[in-house]
Amino acid sequence: MPTITLDHISKSYGPGPAAVRDVSLQVAAGDFMCLLGPSGCGKTTILRLLAGLEHLTTGALHVGDRVVDSPEAGVFIPPERRRLGLVFQSYALWPHMSVAGNVAFGLQVQRMPKAEIATRVARVMQTLGIAQYADRYPSQLSGGQQQRVALARMLAVNPDVLLLDEPLSNLDATLRLEMRTELRRIHQEFGTTIVFVTHDQWEAMTLATTIAVMKDGALQQTGTPDDIYARPTNSFVARFIGNPPINMIDAASPLGQRLAGQNAIQAAIVGIRPEAVTLTQSGLPARVLSIMPTGGSWLIDLALDADRLLLSTQTRPNLHNGQSVGCAIAPQDIHLFDIHGTRLPQPALTGSTVPQSIPMRQTQEDLL
């Protein structure tokens, strides 16, 4: 499988801000890369540039050791010669063809021998669990089954890279979960390099080996899901990744100054993930504002004078609204950002400044 390299690529459609601005990125062979970001951030444009459906304005695209698009060098390899398979959000199945006919279509275009087509189609349909639907038409299939047919059609032609443009967005929650599991299995079984576009951070975190976060056409951060979550490079990434969202505290507030410690002068925002806030017998004094069950976990809204903190726990809280509690945040769980949103070094705090936390269950027993 080839490595994909985006070398300072940009795409403009006329006056105004570019859709993609000076993006440099490498997708390793066999990687599952998610392009993640809000609508209009440029992620689908990058996918279309990779597929050859759009021309670069500047920069160069490499697939393996081959340049497939470079305005400066006068090179543009058309889509059909890039060995890249694209699955659209709408699936784009032929309505007049059976499932088997749709899966075989790309192989027939390549003029592959009929016997080989039949063998390859049967194998990929069996792998994706759609062999029993071979004679059905797309209108007779559920959304999840149509998604599998679209994937099978692309996998049958054995592309070097599979490009997926928000393929799960039309499915309900149960089918999305099922297809995430299926995509992970396909990636492990076929070893295909996958570039997956999504605006759903939960989808990216559960599927990707590498995530590239986009905003306003520019690349914000690239890394593993754990890296992106634990060490966001700026406040945008910190806010975009995580559910429930990260707590953001004004560094000028009393709580913000205490959490920022020696970095209080440079810091503008202090970020704390909800699961990093724990209850204690003593510590930062807080008051319970509300308790919200979410099914398997609970969110506790805490007031610390004028500041608010959202706490997330998987242990059923034996608390009530208005109750006074103590809470703690470990120094390594504090994220600091300057006025421009850029990440600052971790604060140098001691356990006496931010009290050491104790387990939630023990906390409840001792508090009540």
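Described in the following lines is the structure provided in the data block. Throughout, residues of each chain are indexed from 1 in the direction in which the sequence is written. Totals for whole chains, interfaces and linings use all residues, but because this is a predicted model, local features are given only for residues with pLDDT of at least 70 and pairs of side-chain atoms are given and counted only at 80 or more. The side-chain numbers reported here are obtained from all heavy atoms of the structure, hydrogens and water having been left aside.

Topic: the sheet that holds strand S12 (residues 247-250)
And step 1. Sheet architecture is open: 4 strands sit in the order S12-S13-S19-S20, paired in antiparallel fashion. Two strands lie at the open edges of the sheet, namely S12 and strand S20 (343-344), each paired on one side alone.
And step 2. In this scheme, strands are said to pair when DSSP sees at least two bridges between them. Only DSSP runs of H or I covering at least 4 residues are called helices, and only runs of E covering at least 2 are called strands; the numbering of each starts at the N terminus. Examined bridge by bridge, S12 and strand S13 (residues 269-272) share 4 bridges and lie antiparallel to one another. Counted as the bridge partner of Ile-249 is Val-270 from S13.

Remarks on the packing of aromatic side chains
And step 1. Here a Phe, Tyr or Trp ring, Trp counted by its six-membered ring, pairs with any other such ring whose centre lies within 6.5 Å, and the pair is stacked when the planes are under 30 degrees apart, edge-to-face when over 60, and tilted otherwise. Under the defined criterion, the tally for this structure stands at 3 aromatic pairs.
And step 2. When the ring of Trp-94 is compared with that of Phe-105, the centres are 5.4 Å apart and the planes differ by 55°; the resulting orientation is tilted. Taken as a pair, Trp-94 in the loop between strand S7 (84-87) and helix H2 (99-109) and Phe-105 in helix H2 lie far apart in primary sequence, 11 residues in all.
And step 3. Working rule: Lys NZ or Arg CZ, within 6 Å of ring centre, within 35 degrees of ring normal, means a charge sits over the ring. It is Lys-11 that lies over the ring of Tyr-13; its NZ or CZ is 5.0 Å from the centre.

Quick look at the pattern of salt bridges
Should their charged atoms come close, side chains of opposite charge can pair.
And step 1. What counts as a salt bridge is simple: a side-chain nitrogen of Lys or Arg found within 4 Å of a carboxyl oxygen of Asp or Glu. Taken as a whole and assessed by the stated rule, the structure comprises 7 salt bridges.
And step 2. Two residues, Glu-54 and Arg-48, come together in a salt bridge whose shortest N-O distance is 3.2 Å.
And step 3. Throughout this description, buried means an accessible area under 20% of the type-specific maximum (1.4 Å probe, protein chains only), exposed means over 50%, and partly exposed covers the range between. Exposure remark for Arg-48: the relative accessible area of 30% places this residue in the partly exposed category.
And step 4. In this structure, the salt-bridge partner of Asp-200 is Arg-180, at a minimum N-O distance of 3.6 Å. Residue Asp-200 is located in the loop between strand S9 (193-198) and helix H6 (201-207), and its partner Arg-180 is located in helix H5 (residues 173-190); the two are separated by 20 residues in the primary sequence.
And step 5. By relative accessible area, which is 22% here, Asp-200 ends up partly exposed.
And step 6. Given the relative accessible area of 10%, Arg-180 is considered buried.
And step 7. Within this structure, Lys-11, Arg-48 and Glu-54 form a network of salt bridges that share partners.

What to know about the sheet that holds S7
And step 1. In space, the 6 strands of this open sheet follow the order S7-S8-S9-S3-S10-S11, with mixed pairing throughout. The strands lining the two open edges of the sheet, one partner per strand, are S7 and strand S11 (218-223). Averaged over all pairs of adjacent strands, the angle between strand axes in this sheet comes to 15°, irrespective of strand direction.
And step 2. Bridge count between strand S3 (residues 32-36) and S9: 5 bridges; the pairing is parallel. Residue pairing for S9: Leu-36 is matched across the bridge by Thr-198.
And step 3. Here helix H4 (residues 143-156) sits on the sheet in contact with S7 and strand S8 (161-165), set at roughly 170° to S7. Think of each axis as a best-fit line through the C-alpha atoms, taken over the contacting stretch in the case of a helix, with angles from 0 to 180 degrees between the N-to-C directions. Contacts are assigned to residue pairs that have any heavy atoms within 4.5 Å of one another.

Describing the nonpolar core
And step 1. The term nonpolar core refers to a set of buried residues drawn from Ala, Val, Leu, Ile, Met, Phe, Trp, Tyr and Cys, joined through side-chain atoms within 4.5 Å. Ranked by internal contacts, the top residues of the largest apolar core, which has 46 residues, are Val-103, Leu-151 and Phe-196.
And step 2. In terms of residues, this core owes the most to one element, H4, which gives 7 residues.
And step 3. For Leu-151, the residues in contact, after removing those within four places along its chain, are Val-87, Leu-128, Leu-162, Leu-164, Met-179, Leu-183 and Ile-186.
And step 4. Residues Val-27, Leu-47, Val-63 and Met-214 belong to the second largest nonpolar core, which totals 28 residues.

What to know about the environment of Thr-209
And step 1. Checked against the element boundaries, Thr-209 lands in the loop between H6 and strand S10 (210-215).
And step 2. Sequence-wise, Thr-209 and Asp-226 are 17 residues apart; in three dimensions their C-alpha atoms are separated by 9.6 Å.
And step 3. The contacts of Thr-209, once residues within four sequence positions are left out, are Asp-31, Phe-32, His-187, Thr-224 and Pro-225.

Description of the side chain of Arg-343
And step 1. Along the chain, Arg-343 turns up in strand S20.
And step 2. Residues counted as positive are Lys and Arg, residues counted as negative are Asp and Glu, and His and the chain ends are not counted. One buried charged residue, Arg-343, forms no salt bridge at all, with the nearest opposite charge on Asp-333 at 8.9 Å.
And step 3. Excluding its chain neighbours within four sequence positions, the residues that come into contact with Arg-343 are Ala-230, Arg-231, Pro-232, Thr-233, Asn-234, His-335, Leu-336 and Phe-337.

Everything listed here is a matter of geometry and, on its own, says nothing about what the molecule does.
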